[in-house]
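Summary of the model geometry
So the chains spell out like this:
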Amino acid sequence: MRDFTFYAPTRVMFGQESVSQTGELIRAAGGRRVLLHYGGGSAVKSGLLDQVCRCLAKAGVSWVALGGVRPNPRLSLVREGIALGRKEQVDFVLAVGGGSVIDSAKAIAYGLAAEEDRDVWDFYARRAQATACLPLGAVVTIAAAGSECSASSVITSDQTGEKRGYSSDLARCRFAIMDPALTCTLPPYQTACGCTDIMMHMMERYFHPGGTLALCSDGMTEALLRAMLFHTRRVMADPMDLDARGEIMWMGTLAHNDLLQCGNGSRGDWACHQLQHELGGRYDGTHGAGLAAIWPAWARYVCSSDPARFAAFARRVMGVEESEDSAAALAGIDAFTAFLREIGMPVTLGELGLSLSEEDILALARGCSFQGTRTVGTIRPLDEADMAQVYRLAR
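Described in the following lines is the structure provided in the data block.

Rules used throughout
- Residues numbered from 1 in each chain as written.
- Predicted model: local features only at pLDDT ≥ 70, side-chain atom pairs only at ≥ 80, totals over all residues.
- Heavy atoms only, no water.
- Helix = DSSP H or I, 4+ residues; strand = E, 2+ residues; numbered from the N terminus.
- Rg over C-alpha atoms; globule rule 2.2 N^0.38 Å.
- Buried < 20%, exposed > 50% of the residue type's maximum accessible area, 1.4 Å probe, protein only.
- Contact = heavy atoms within 4.5 Å.
- Areas by Shrake-Rupley, 256 points an atom, 1.4 Å probe, with all protein chains shown as cover.
- Core = buried A, V, L, I, M, F, W, Y, C linked by side-chain atoms within 4.5 Å.
- Axes fitted to C-alpha atoms, helices over the stretch in contact; angles between N-to-C directions.
- Parallel < 35°, antiparallel > 145°, perpendicular 65-115°, else oblique.
- Left-handed = near helix turned anticlockwise from the far one by under 90°.
- Pairing = 2+ DSSP bridges.
- Salt bridge = Lys/Arg side-chain N within 4 Å of Asp/Glu carboxyl O.
- Phe/Tyr/Trp six-rings, centres within 6.5 Å; stacked < 30°, edge-to-face > 60°.

So, about the overall build of the chain. Along the backbone of the chain there are 15 helices and eight strands. Taken over the C-alpha trace, the chain has a radius of gyration of 20 Å; the compact-globule value for 395 residues is 21 Å, and the two agree within 12%. Principal-axis analysis of the C-alpha atoms places the extent of the chain at approximately 65 × 45 × 45 Å. In the chain, buried positions account for 58% of the 395 residues. Taking as baseline every contact in the chain between residues at least 6 positions apart, the subset at least 24 positions apart corresponds to 77%. A total of about 15,400 Å² of accessible surface is found on the chain, and carbon and sulfur atoms cover 50% of it.

Listed below in structure tokens is the structure:
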């Protein structure tokens, strides 16, 4: 096992009615004036936003609200939140929603703690490093991104279509409120997208080069992936299955709080995420669905670089019995692709609703490679030409 540092400071309040603790948790973190950040109308229509506001009022915490977060959260709304937060002199940011809302809240929190002449996009464009972040918390309504306990956030520039991520422990939430009942009203497609995102977070860390299959982290990942296969099928069959919802919600956090990469000597591959970020920035769409459309093509393109790792996934997660590694690897890819189809996910870009020309593909590869200046992935590092080929195979 390789040396590692594991840092997970977020207090998780898991269970039904845990929302009632929101106000006191903010006060305990030193918050007195809150920017309440949320997405579209669901938090309003469900009554959740009113419930949160009552909790804040009961705890003597004042607030100002900013809604409107979309999937692939936009830089323009982040800048609006920073301006509003400065005007209202907020000292805490509370996200009520899923990963997009939490990511947007993190970006706002960076901006509120930065110098007034510093554009928050500088952090995401790698022109500067954040040195401070306003404290923030999350009331989670979608089991998917795991952003409530991760150091990461992803923002899309309205002007350029660039979708860029930034990670810093400064932006880890002080607390995460996780009530599985809040996810029961999600449409089946959104539920499936969330489950796919969770599994992809696990798999990005699992597919790393040069590691041993005996690591406890790999064993945990394999067990969690098997559990996700089981509980995803359960919740797709019965959306009101609260036990399955709870299992999935907790696994979403475990998938992205860095636990599963401890001791691997690698953060994982992450090529699929980078390829999807470019796709999502240009064409929008739900992140989990985009990952599902990219993964089969990526896996077939790179599996020959480490057939033993893909064969382990096939045998230990997908139940493949093939003894020869290369054949097992391909059988495992086929089995997981079939699972994605089973839960209603697109497994090609065409099924995602995109009809890409060769010019479109070259533009995607050019953008994902940062104009030919970087590679992505570790199982097989992909340069601009490789990226274009994966996009072609995904059509």
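Having seen it, we continue.
In this structure, W295, W298, F310, F313, F336 and L382 are the most contacted members of the largest nonpolar core, which totals 109 residues. By residue number, the principal contributor to this core is helix α11 (residues 287–302), which donates 11 residues. In this structure W298 touches F207, D269, A271, C272, F310, L382 and V390, once residues within four positions along its chain are discounted.

Orientation of helix α14 (residues 358–368) relative to helix α15 (residues 384–394), taken along the N-to-C sense of each, is 135 degrees, at an axis distance of 8 Å. The angle between α14 and α15 falls in the class oblique. Where α14 crosses over α15, the handedness of that crossing is right-handed. When α14 is examined against α15, the residues E358, I361, L362, L364, A365, R366 and C368 are found in contact with a partner set consisting of E384, M387, A388, Y391 and R392.

The next subject is the environment of C216. Within the secondary structure layout, C216 lies in helix α8 (residues 216–237). A sequence separation of 45 residues divides C216 from A171, and the C-alpha atoms of the two residues are 28 Å apart.

One open sheet holds the six strands; their spatial order is β1-β8-β5-β4-β2-β3, and the pairing between them is parallel. Taken across any chain shown, the strands that pair with only one partner, and hence form the sheet edges, are β1 (11–14) and β3 (62–66). On average, each strand axis in the sheet is tilted by 20 degrees relative to the strand beside it, whichever way the strands run. With four bridges joining them, strand β5 (residues 136–140) and strand β8 (residues 175–178) adopt parallel strand pairing. In the sheet register, G137 faces β8, and the bridge partner there is F175. Across the sheet, helix α4 (residues 75–88) is in contact with β2 (33–38) and β3; its angle to β3 comes to roughly 155 degrees. Helix-sheet contacts for helix α5 (residues 99–113) involve β2, β4 (92–97) and β5, and the interaxial angle to β4 is about 170 degrees.

This paragraph deals with the pattern of salt bridges. Tallied over the full model, the rule gives 22 salt bridges. With a closest N to O distance of 2.5 Å, R33 and E88 form a salt bridge. Here R33 is found in strand β2, whereas its partner E88 is found in helix α4, with 55 residues between them in sequence. Note that D334 and R300 form a salt bridge whose closest N and O atoms lie 2.8 Å from each other. Of the two residues, D334 sits in helix α13 (residues 325–342) while R300 sits in helix α11, which places them 34 residues apart along the sequence. A residue is classified by how much of its surface remains accessible, and D334, at 44% relative accessible area, is partly exposed. Classification of R300 by relative accessible area gives partly exposed; the value is 39%. The network of salt bridges with shared partners includes E162, R164, E278 and R282.

On to the packing of aromatic side chains. Taken as a whole, this structure holds 18 aromatic pairs when the rule is applied. When the centroid spacing of 6.4 Å and the interplanar angle of 70 degrees are considered together, the rings of F14 and W250 count as edge-to-face. A residue pair is termed long-range when its members are at least 10 positions apart, and F14 in strand β1 and W250 in helix α9 (residues 242–256) qualify at 236 residues. Judged by its relative accessible area of 40%, F14 falls in the partly exposed class. Ring centres 5.9 Å apart and planes at 10 degrees place the aromatic pair F92 and F175 in the stacked group. One end of the pair, F92, is in strand β4; the other, F175, is in strand β8, with 83 residues separating them in the sequence. Classification of F92 as buried rests on a relative accessible area of 0%. Given the relative accessible area of 1%, F175 is considered buried. One aromatic cluster is present, built from ring pairs that chain together Y206, F207, W295, W298, F310, F313, F336 and F339.

To continue, consider unusual backbone geometry. Generally, phi is negative for residues other than glycine and the peptide bonds are trans, each holding for most cases. A positive phi is found at Q89, a non-glycine position, where the angle reads about 55 degrees. Relative to the helices and strands, Q89 is located in the loop between α4 and β4. Assessed through its relative accessible area of 66%, Q89 is described here as exposed. Located in the positive-phi region is W270, a residue other than glycine, with phi close to 70 degrees. With respect to the element layout, W270 can be found in the loop between α9 and α10 (271–283).

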